[in-house]
2 protein chains.
Amino acid sequence: MIEDLAEATICIIGLGLMGGSLAAALRQRHCCREVIGVARRAITLDNARAQHYIDLGYSNLAEGVRGADIVILATPVCDIIAKIGQLSALVKPGCLVMDLGSTKQDVCAALDQLPLQVEVLGGHPMCGKESSGLEEADVDLYHDKVFILCPLARTSEQALSLGRQLATAVGARPLVLQSERHDTLVAAISHLPYLLAVALVNSAEELAHRDALVWQLAASGFQGASRLAASDVTMMLDILLTNRAPILASLESAQNQLTALRSALQAQDMQTLSELLGAARTRRKELNP
Amino acid sequence: MIEDLAEATICIIGLGLMGGSLAAALRQRHCCREVIGVARRAITLDNARAQHYIDLGYSNLAEGVRGADIVILATPVCDIIAKIGQLSALVKPGCLVMDLGSTKQDVCAALDQLPLQVEVLGGHPMCGKESSGLEEADVDLYHDKVFILCPLARTSEQALSLGRQLATAVGARPLVLQSERHDTLVAAISHLPYLLAVALVNSAEELAHRDALVWQLAASGFQGASRLAASDVTMMLDILLTNRAPILASLESAQNQLTALRSALQAQDMQTLSELLGAARTRRKELNP
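Rules used throughout
- Residues numbered from 1 in each chain as written.
- Chains lettered and ligands numbered in written order.
- Predicted model: local features only at pLDDT ≥ 70, side-chain atom pairs only at ≥ 80, totals over all residues.
- Heavy atoms only, no water.
- Phe/Tyr/Trp six-rings, centres within 6.5 Å; stacked < 30°, edge-to-face > 60°.
- Buried < 20%, exposed > 50% of the residue type's maximum accessible area, 1.4 Å probe, protein only.
- Helix = DSSP H or I, 4+ residues; strand = E, 2+ residues; numbered from the N terminus.
- Pairing = 2+ DSSP bridges.
- Right-handed = clockwise from strand over helix to strand, strands pointing away.
- Axes fitted to C-alpha atoms, helices over the stretch in contact; angles between N-to-C directions.
- Contact = heavy atoms within 4.5 Å.
- Buried area = accessible area lost by both parts, 1.4 Å probe.
- Salt bridge = Lys/Arg side-chain N within 4 Å of Asp/Glu carboxyl O.
- Polar contact = N/O pair within 3.5 Å; in protein donor to acceptor, adjacent residues only side chain to side chain.
- Nonpolar A, V, L, I, M, F, W, Y, C, P; charged D, E, K, R; others polar.
- pLDDT = per-residue confidence, 0-100.
- Expected span 1.5 Å × (residues − 1).
- Least-squares fit on C-alpha atoms with pLDDT ≥ 70 in both.

A. Region of the structure containing the packing of aromatic side chains. Residues and elements named next belong to chain B. Using the criterion set out here, one finds four aromatic pairs over all chains in the structure. Centre to centre, the rings of W215 and F222 are 5.7 Å apart; their planes meet at 70 degrees, and the pair counts as edge-to-face. Of the two residues, W215 and F222, both sit in the buried class.

What follows is the structure in structure tokens.
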């Protein structure tokens with residue numbers, strides 16, 4: 001396999017927000033020899049070329065990955081898993097297959113099925129947004145973001161090094177994690193906030209059936225708290241399906257927290273309420289704004 | 001009572017984010033004759049004077065409200081209610097007593113106890129932030145925000161007109177609502193998002209006890225969803241206490257939504273999940289970003 005990112009031909013499959021932004025950053029920063037894009041729709045490829053995000057574009061997977069030193073899957077998780085199955089017959093020996101999916105155990109299990117002459121590495125850059133699509137792509141999306149790398153038992157040192165080079169090249173901070181640990185952490189930090197936002201919006205909508213004024217009063221506080229509910233549904237369904245157990249555990253934890261708040265309020269137990277609110281405030285103020 | 005805001009001496013009690021910003025806007029826009037500030041601490045009054053937010057400052061309530069045509073209470077809700085009780089002996093006949101509190105039924109009930117020669121009107125500008133204090137005051141805080149006015153049965157047309165003038169003068173959009181309806185709406189749109197943010201942070205903290213990496217991974221999605229958890233605890237405790245029944249109903253509604261999501265995920269019922277997520281996405285995308 002190739003050792004230096006600068007010499008690599010990189011094929012990115014899926015030119016949405018994540019794939020498009022990665023392509024844009026790789027090309028603008030001259031990180032590699034060539035960026036090839038694979039997308040279903042011709043218009044996406046045309047736009048990616050017009051924006052100089054890619055050198056070459058293909059709608060055919062086999063053509064796109066044929067000469068690639070690194071293949072990066074950047075579609076929704078279930079599609080990543082499906083495409084991994086097709087890659088074994090298509091990529092050249094020594095090719096590194098990576099992905100940008102938001103859940104890692106199922107993806108890494110699929111990667112593990114690839115022939116041993118293919119290198120594999122799971123990846124998850126923590127820079128998602130609730131918006132999606134190539135038109136939302138941003139050359140600085142990865143800047144200063146954590147880029148999680150999940151090596152498999154079979155992942156070589158060189159493959160991991162190439163993954164680190166890739167993350168660093170686009171301005172991100174590589175962080176190596178086991179896939180199981182990754183999935184538990186992101187359930188609490190990404191997938192739970194999404195589901196809370198969905199519950200918040202659907203709960204307000206329930207009230208809106210009785211009083212349509214609800215939506216006129218939704219100010220910046222509501223908007224910030226509910227923003228994630230606008231996320232792409234296909235992407236989120238794949239995430240929920242492939243990270244079910246950790247997400248169910250996170251949901252249970254959040255419901256227990258809500259029950260604690262509700263019981264204390266019901267009982268007018270201001271001491272307990274004060275402790276629960278105070279702990280959250282202290283912790284939240286330690287994070288960035 | 002006075003009819004024209006431009007002739008009014010306005011006394012604002014409490015120079016935090018809301019009171020300080022209101023004072024600043026009134027003075028900078030030359031909306032009234034004089035702005036008097038009342039604050040507990042001398043340093044707050046000094047700062048408000050130095051910033052030209054107020055003409056005069058008093059730490060003594062009686063001195064501050066003595067000559068006022070309009071008194072505006074801008075402290076946490078329970079303090080507003082306590083101070084209303086003190087005002088009856090202090091304000092001049094025909095004075096309009098208003099407030100900026102986030103809950104309205106209990107405040108309006110307290111206002112209703114004032115002598116009949118005092119005019120009363122509940123108010124709630126929907127422009128809170130999770131930050132607080134005079135140092136966060138912003139002359140444009142009220143710009144283009146909804147300023148809810150809750151008239152009591154005894155509130156005169158002139159008093160309501162003066163409230164509308166005040167809201168409009170600082171750039172806000174007055175909206176007249178009954179206090180009960182107000183409290184139900186803000187429970188769903190302001191207080192529930194706050195409690196969900198608290199539950200989210202405390203739930204992540206629970207996981208952080210087992211894996212400290214949680215907080216390193218909290219990216220922009222988590223930060224947006226949890227921002228409200230940084231709100232001032234005293235202010236929020238007062239809100240919870242004075243809007244208990246609507247908030248408990250909102251919490252129950254949100255928990256039902258979470259249970260629906262959890263059951264569908266548990267059963268891998270992707271059809272139901274897709275409908276729940278899709279409904280939230282469609283609705284959220286109709287709001288402002």
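B. Region of interest: the pairing of strand β5 (residues 96–99) of chain B. Residue and element names in this part refer to chain B. The side-chain alternation of β5 yields two buried faces, one formed by L96 and M98 and the other by V97 and D99. Here strand β4 (residues 70–73) pairs with β5 via four bridges, running parallel. Paired with V71 across the strands is V97, a residue of β5. With helix α4 (residues 77–87) bridging β4 and the parallel β5, this β-α-β connection has right-handed handedness. Pairing of β5 with strand β6 (residues 119–125) involves three bridges; the strand directions are parallel.

C. Seen up close, the sheet that holds strand β3 (residues 56–58) of chain B. All names here are of chain B. The strand order β3-β2-β1-β4-β5-β6-β7-β8 describes an open sheet built from eight strands, whose pairing is mixed. Looking along the sheet, the strands with just one partner apiece sit at the ends: β3 and β8 (173–176). If you compare each strand with its neighbour and ignore which way they point, the axes differ by 25 degrees on average. Across three bridges, strand β2 (residues 34–38) lies against β3 in parallel orientation. By the bridge assignment for β3, V38 is matched with Y58.

D. Looking closely at the interface of chain B and chain A. Contact residues are listed per partner, giving 86 residues for chain B and 86 residues for chain A. Overall, the association of chain B and chain A removes approximately 8,000 Å² of surface from exposure, summing both partners, and the carbon and sulfur fraction of that is 68%. Summed over the shared surface of chain B and chain A, the number is six salt bridges. Connecting chain B to chain A are 31 residue pairs in polar contact (both at pLDDT 80 or more). Those elements giving two or more residues to the side of chain B that touches chain A turn out to be β7 (146–150), α7 (179–208), α8 (214–217), α9 (220–226), α10 (233–242), α11 (244–266) and α12 (270–286) of chain B. No other element matches the 20 residues that α7(B) contributes to the side of chain B that touches chain A. For the side of chain B that touches chain A, a count of residues per class yields 51 nonpolar, 22 polar and 13 charged.

E. Molecular detail of the confidence of the model for chain A. Residues of chain A with pLDDT of at least 70 account for 100%, and the chain-wide mean is 96. For this predicted complex, the interface confidence score (ipTM) comes to 0.93, while the overall pTM stands at 0.93.

F. Broad picture of the pairing of strand β7 (residues 146–150) of chain A. Residues and elements named next belong to chain A. Most of β7 is tucked away: five of the five residues are buried. Every second residue of β7 is oriented toward a common face, with V146, I148 and C150 on one face and F147 and L149 on the other, all of them buried. Summarising the sheet, strand β6 (residues 119–125) and β7 pair through four bridges and their orientation is antiparallel. The residue of β7 that forms the bridge with G123 is L149.

G. Local environment of helix α1 (residues 17–28) of chain A. All names here are of chain A. Compared with the 16 Å implied by 1.5 Å per residue over 12 residues, the 16 Å span of α1 between its first and last C-alpha is a close match. Taken across its 12 residues, α1 has 10 buried, putting it largely inside the fold. Listed as buried for α1 are L17, M18, G19, G20, S21, L22, A23, A24, A25 and L26. On the buried face of α1, the contacting elements are β1 (9–13), β2 (34–38), β4 (70–73), β6 and α6 (157–169). A positive phi of about 50 degrees marks H30, the residue just after α1.

H. Broad picture of the relation of the copies chain B and chain A. Note on the identical chains: chain B maps onto chain A by a rotation of 180 degrees and an axial translation of 0.0 Å, with an RMSD of 0.0 Å. Such values leave the two copies arranged in the relation of a two-fold axis. In terms of C-alpha distance to the rotation axis, chain B has B:A225 as its closest residue, with the C-alpha 2.1 Å off the axis.

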